[in-house]
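Working through the structure, step by step
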Amino acid sequence: MSTLFAATSLDGIEAVAAREAVSSFGVRDLRLHRQPAGRDGAPVRKHHKVSTLPIDIRRAARGSQRAWFDLEGAPEPVALSVEWPELGGPDPAAADWLGFLAIVAARVRTALELEDQRLVATRLEKTVRIQTALYRVANLASAGLEMADMLARIHDVVGELMYARNFYIALHDRERDSLRFIYFADEQDDHGVDPAQEYPAAEIRNSLTLGVIRSGQPALGPSRALREAFGLEQDNEQYGPGSAHWLGVPMIADGVVRGAIVVQSYDPATRYSADDQSLLQFVAQHILIALVRHQAHVELEHRVEERTRALTDEVRERQHGERLQAALYGIADLASSELGMADMLRRIHLMVGELIYARNFYIALYDGERDSVRFIYFADAKDVNIYETDREVPAADLRDSLTLGLIRHGKPVRGPARDVARALGISGIGLGTPALDFLGVPISGDSGARGAVVVQTYEPGVHYSAEDSTLLGYVAQHIMTALERKKLQAELERRVEDRTRELAKVVRALREQVKVREQAEQRLTHDALHDALTGLPNRTCFHQGLEQALARLHGDAGHRFAVLFLDLDRFKVINDSVGHLYGDMMLKEAAGRLAGCVRDGDMVARLGGDEFAVLMLDIAGADDACHTAGRVIDALSGPMQVGGKELFTSASVGITLGEPRYRKAEELLRDADVAMYRAKAHGRQRFELFDERLHQEALQLLDMESDLRHAIQRREFEPHFQPIVDLRDCRIVGFESLLRWRHPQRGLLLPGDFLKVAEDNGSIEQIDWLMLAATCRDIPALQLDGRYVTLNVSPRRFRSPALAQQLLDVLAAHDVPAHCVRIEVTEDALLENPDQVFATLDTLQRSGVRAALDDFGTGYSSLSYLHRFPLHALKIDRSFVRALGPLHEGGSSAAVVRAVLALASTLGLEVIAEGIETEAQREQLLELGCLRGQGFLFSPAQPAADWRAPEA
């Protein structure tokens with residue numbers, strides 16, 4: 001019996017008990033059953049109580065009998081059956097037999113308890129292992145590792161929990177509907193995977209990974225069976241070899257599937273269980289949290305780095321700009337001074353030396369009539385006085401010099417002297433020592449290159465940059481101005497001589513007038529139909545050609561044609577910045593490029609200003625016109641070298657196809673113009689093909705403009721007032737007057753429905769004055785009692801110097817105290833005309849009307865105008881309030897709001913948050929230190945009559 005007590009497992013107890021029963025009691029067979037057996041040998045569900053050890057004895061076979069009994073107290077039912085011969089066996093009720101059974105029962109109970117304890121210990125060990133793995137995943141997210149290193153270590157962690165030699169993580173971009181495999185490790189799939197590459201969902205629609213993401217549910221089993229379950233094709237190994245067992249779980253955040261994690265096995269003996277699935281789901285969520293935290297950390301570092309770099313560059317650029325501006329002012333003063341030429345040039349040399357390295361500096365002028373060069377100023381550390389400043393040098397003597405090559409090249413050059421010589425196509429560098437770095441810019445006038453300004457260095461550590469080239473170009477233009485002033489008298493005398501010669505030519509021309517009359521008439525006809533600047537056909541000529549094409553189409557539908565209407569984007573900016581002369585030169589360049597984009601027989605015309613049109617005859621279809629429009633856009637998007645400047649523009653193109661429904665040329669041009677403006681509205685530098693939808697939109701716009709004019713006459717605009725509250729106790733401290741249009745057919749319209757049209761057609765100013773008067777009439781009904789009302793003022797209004805006085809006159813006419821009114825101004829208005837805006841705001845402030853900066857943070861957001869303008873408050877744009885998240889989770893815009901509050905506190909400005917819609921946003925703003933706000937959480941904008949009752 002001692003060996004029975006040594007056994008600790010059910011199998012061991014069964015073997016020992018069987019031997020003891022055979023030797024001591026003559027039992028032929030003894031077995032332990034985890035489920036109690038029935039009389040026919042099958043398990044039964046009814047168990048006997050072990051305390052009474054009920055024994056069921058029956059004859060089991062001829063000459064033998066069998067007994068069953070149940071054991072009580074085990075975690076699961078256990079039954080014991082014995083069989084012995086009918087004759088010679090023990091008495092089942094004998095005391096020693098019953099004692100033997102009791103010992104077996106006690107040992108079985110002990111063995112099952114030990115088994116339960118081992119199971120509990122195993123589960124605890126597994127739980128500790130999982131918990132440790134999750135801690136490691138969380139720590140990796142904040143360890144400052146590169147993404148690839150972090151994901152590799154996460155792979156190692158998952159590999160400690162399950163079979164994960166084949167493991168990958170895919171992220172899903174919901175907006176772009178694409179996948180990116182940010183980590184991929186596979187034993188058999190040798191396809192390289194770029195973590196930065198996006199795979200559009202349409203291209204991998206047969207992927208199991210995409211199936212898991214689409215369904216949002218885990219998938220477990222052989223890949224072939226899962227493909228069948230997802231309804232995917234059983235195709236080739238486009239997405240890698242098929243796996244014997246595949247397990248994928250989605251990564252879900254806030255109810256949105258953000259990606260999936262997959263493990264797979266190619267060995268049929270290695271399979272995943274439901275426990276593995278649950279474990280991977282649990283781990284997947286922690287991995288997603290780690291990815292989000294790591295991404296947020298990387299984003300924050302990137303933004304901080306970018307902002308720091310931008311601020312550094314801005315400070316450096318501002319300092320350099322101040323020095324440059326001072327030098328240019330000084331050069332301009334010298335140009336208008338009474339100094340002699342030599343003294344003036346020497347001082348200019350000193351000023352240039354303060355901006356760039358200019359120890360070696362000279363100025364050369366070219367005389368085109370005499371084909372000679374004169375060095376009017378020369379200073380060089382090595383080659384002293386190799387040129388005399390009062391002597392002309394024939395160009396033939398300088399044919400291999402860098403100076404003459406630069407003048408004839410007409411564009412700035414820089415680099416080592418020998419490299420510059422090769423670039424200029426000359427065989428030598430002229431007289432003097434070769435410079436290690438050479439920078440020269442031409443002096444340009446109306447007649448082309450007039451000379452050159454050069455700096456050079458012989459020191460290895462000094463080099464010139466593109467910025468130095470631009471600077472020297474500015475200096476060259478100012479030098480040209482100075483030279484022109486000095487030579488004004490000589491120029492006047494030369495013009496008198498030229499005029500005399502011209503008069504002589506006129507006399508000869510009059511004598512030959514009869515002979516050339518026919519040529520003159522032809523020229524006049526040509527000029528009447530062509531643009532004087534570009535030489536292209538003009539609007540009249542184009543109109544005639546278009547009428548002819550339309551007539552041909554009506555006679556034969558096979559003569560299809562198309563009209564392309566375009567203008568140069570931002571051409572007005574170029575005219576305003578560099579002048580109309582450069583604008584005209586750009587138009588000439590654009591005309592030449594347009595002519596090179598069309599076929600023989602097509603017509604390119606300038607309709608006026610920067611508007612051009614192309615008539616394409618006998619086209620096969622719309623594709624021909626679209627291809628030509630693409631060539632035009634590409635041709636005009638390249639840089640243009642205009643008068644020594646590199647200018648950029650682009651084109652927006654509208655296309656109309658000739659159809660029998662058109663009767664007049666004006667209709668085709670009208671529709672092409674509509675299509676062009678749609679191209680501009682969609683981002684410029686593109687083309688749009690006219691269709692009926694564009695025509696309907698144009699009609700709707702026309703209706704809206706007409707309705708706006710009638711609305712102004714009928715005074716259909718009315719103010720609604722939204723409260724501005726103290727976020728601590730929701731006490732109303734003021735109101736914002738918001739524009740509403742009570743349309744007779746469409747009901748109450750918000751500004752977003754019509755404001756853009758009003759700004760485009762100029763009616764916004766009339767609407768502003770109507771709103772101001774209506775607001776002043778409603779202010780008494782608001783019973784302000786120390787509160788205020790803010791008014792939104794259109795940026796266009798700030799263009800008027802009389803705005804401040806007009807506003808104060810309206811307030812006085814309605815007996816509204818100035819201190820009860822504030823105006824809101826946008827960043828665009830501040831930047832458009834800063835001096836005028838400052839004068840307006842200053843006048844209003846001195847009269848008691850304070851100003852608030854609306855939508856702060858969405859525009860330029862420069863500290864300079866915050867410090868300069870007399871502002872009282874900043875209004876945080878609703879986009880930042882909407883993006884607020886819990887502070888402990890690092891809300892996406894919390895840092896921006898905190899920065900705005902800190903900035904406002906430093907400048908002594910009040911801060912008002914717009915668009916507060918939830919209690920959570922109010923609490924977060926209070927935690928950040930914002931005390932004022934407005935939004936739907938407190939009240940939408942309502943008519944003044946709804947605020948008539950006193951505040952509770």
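Keep in mind it's a predicted model, so treat the numbers as computed, not measured.

What to know about the overall build of the protein chain
Looking only at helices and strands, one finds 28 helices and 32 strands in the protein chain. In the protein chain, buried positions account for 43% of the 952 residues. Counting only contacts in the protein chain whose residues sit at least 6 apart along the sequence, the fraction spanning at least 24 positions is 62%.

Here we look at the sheet that holds strand β19 (residues 611-617)
With mixed pairing, five strands are arranged side by side in an open sheet as β18-β19-β17-β22-β23. Of all strands in the sheet, those with a lone pairing partner are β18 (603-608) and β23 (687-689), marking the two edges. Between one strand axis and the next, the sheet turns by 20° as a mean value, whatever way the strands run. Bridging between strand β17 (residues 561-568) and β19 involves seven bridges; their strand directions are antiparallel.

Observations concerning unusual backbone geometry
Glycine aside, the phi torsion of most residues is negative, and most peptide linkages are trans. Despite not being glycine, D618 has its phi angle at roughly 50°, a positive value. For D618, the position within the fold is in the loop between β19 and α17 (622-637). When its relative accessible area of 42% is taken as the criterion, D618 is described as partly exposed. With phi around 50°, Q685 is a residue other than glycine that occupies positive phi space. Its location among the elements puts Q685 in the loop between α18 (665-681) and β23. The exposure class assigned to Q685 is partly exposed, which follows from its relative accessible area of 40%.

Considerations on the pairing of β18
Note on strand geometry: in a regular strand, side chains alternate between the two faces of the sheet. Taking burial as the measure, the six residues of β18 include five buried ones, the bulk of the element. With five bridges connecting them, β18 and β19 associate as antiparallel partners. Counterpart to R606 in the pairing with β19 is F612.

Remarks on the nonpolar core
Judged by nonpolar contacts, the single largest core of 58 residues is most densely connected at F798, I823, L841, L871 and L925. Looking at this core, the element that brings in the most residues is helix α22 (residues 803-813), giving six residues. Excluding its chain neighbours within four sequence positions, the residues that come into contact with F798 are V793, L803, I823, V825, A829, Q836, V837, T840 and L841. Residues A133, L280, V283 and L288 belong to the second largest nonpolar core, which totals 34 residues.

A closer look at the confidence of the model for the protein chain
Counting all residues, the mean pLDDT for the protein chain is 81, and 89% of those residues have values of 70 or more. The weakest mean pLDDT in the protein chain belongs to strand β2 (residues 56-61) at 40; the strongest belongs to strand β32 (residues 932-933) at 94. Note that pLDDT drops below 50 for residues 36-64; the model gives that stretch 66 contacts with residues more than four away or on any other chain.

Focus: the pattern of salt bridges
Enumeration over the complete set of coordinates arrives at 40 salt bridges. The shortest N-O distance in the salt bridge between D842 and R846 comes to 3.1 Å. Placement of both D842 and R846 in helix α24 (residues 834-846) is noted, with a separation of four residues, approximately one turn of the helix. Classification of D842 as partly exposed rests on a relative accessible area of 23%. A single salt-bridge network, built from bridges that share partners, covers D726, R728, D729, R731 and R932.

Details of α22
Turning to α22, its buried residues are L803, A804, L807, L808, V810 and L811. Projection of α22 onto a plane perpendicular to its axis shows the buried side chains occupying an angular sector of 155°, all on one side. Of the residues in α22, the exposed ones pointing more than 90 degrees away from the buried face are A812 and A813. Tucked inside the fold, the buried residues of α22 contact α21 (764-782), β27 (788-792), β28 (821-825) and α24. In the stretch just after α22, D815 is the one whose phi turns positive, near 55°.

Considerations on the sheet that holds strand β6 (residues 178-185)
Sheets are built from strands that pair by backbone hydrogen bonding, the pairs being arranged parallel or antiparallel. Taken in spatial order, the six strands line up as β7-β6-β5-β10-β9-β8 in an open sheet, and their pairing is antiparallel. Every interior strand has two partners, whereas the edge strands, β7 (199-200) and β8 (219-221), have only one. By the bridge criterion, nine bridges tie strand β9 (residues 245-253) to strand β10 (residues 256-265) in an arrangement that is antiparallel. Note on β10: the bridge partner recorded for M251 is G259. Lying on the sheet, helix α4 (residues 147-161) is in contact with β5 (167-173) and β6; it crosses β6 at an angle near 65°.

Some points on the packing of helix α14 (residues 539-555) against α18
Close contact between α14 and α18 brings their axes to 9 Å; oriented N to C, the two are set at 110°. The orientation of α14 with respect to α18, classified from their angle, is roughly perpendicular. Residues R539, F542, H543, L546, E547 and L550 of α14 touch α18, and the partners they reach there are A665, E666, L668 and L669. In terms of residue class, the contact of α14 with α18 is made up of six nonpolar, one polar and three charged.

Notes on the packing of aromatic side chains
Aromatic rings considered in pairs are described by the distance between their centres and by the relative angle of their planes. Summed over the entire model, instances satisfying the criterion amount to 13 aromatic pairs. With a centroid separation of 5.7 Å and an interplanar angle of 65°, the aromatic rings of Y168 and F181 are classed as edge-to-face. Residue Y168 is located in strand β5, and its partner F181 is located in strand β6; the two are separated by 13 residues in the primary sequence. Both residues of the pair, Y168 and F181, count as buried. Residues F181 and Y199 carry aromatic rings whose centres are separated by 5.6 Å and whose planes lie at 75° to one another, so their mutual orientation is edge-to-face. Of this pair, F181 sits in strand β6 while Y199 sits in strand β7, placing them 18 residues apart in sequence. Of the two residues, F181 and Y199, neither departs from the other in class, the shared state being buried. Put simply, the rings of Y168, F181, F184 and Y199 touch in pairs and so form one group of aromatic residues. Its guanidinium or amino end placed over the ring of Y662, R661 lies 4.4 Å from that ring's centre, counting from NZ or CZ. Positioned above the aromatic ring of W769, the side-chain terminus of R797 is 3.9 Å from the ring centre.

Definitions and limits used
- Residues numbered from 1 in each chain as written.
- Predicted model: local features only at pLDDT ≥ 70, side-chain atom pairs only at ≥ 80, totals over all residues.
- Heavy atoms only, no water.
- Helix = DSSP H or I, 4+ residues; strand = E, 2+ residues; numbered from the N terminus.
- Buried < 20%, exposed > 50% of the residue type's maximum accessible area, 1.4 Å probe, protein only.
- Contact = heavy atoms within 4.5 Å.
- Pairing = 2+ DSSP bridges.
- Axes fitted to C-alpha atoms, helices over the stretch in contact; angles between N-to-C directions.
- Core = buried A, V, L, I, M, F, W, Y, C linked by side-chain atoms within 4.5 Å.
- pLDDT = per-residue confidence, 0-100.
- Salt bridge = Lys/Arg side-chain N within 4 Å of Asp/Glu carboxyl O.
- Arc of directions from axis to C-beta.
- Parallel < 35°, antiparallel > 145°, perpendicular 65-115°, else oblique.
- Nonpolar A, V, L, I, M, F, W, Y, C, P; charged D, E, K, R; others polar.
- Phe/Tyr/Trp six-rings, centres within 6.5 Å; stacked < 30°, edge-to-face > 60°.
- Lys NZ or Arg CZ within 6 Å of the ring centre and 35° of its normal.

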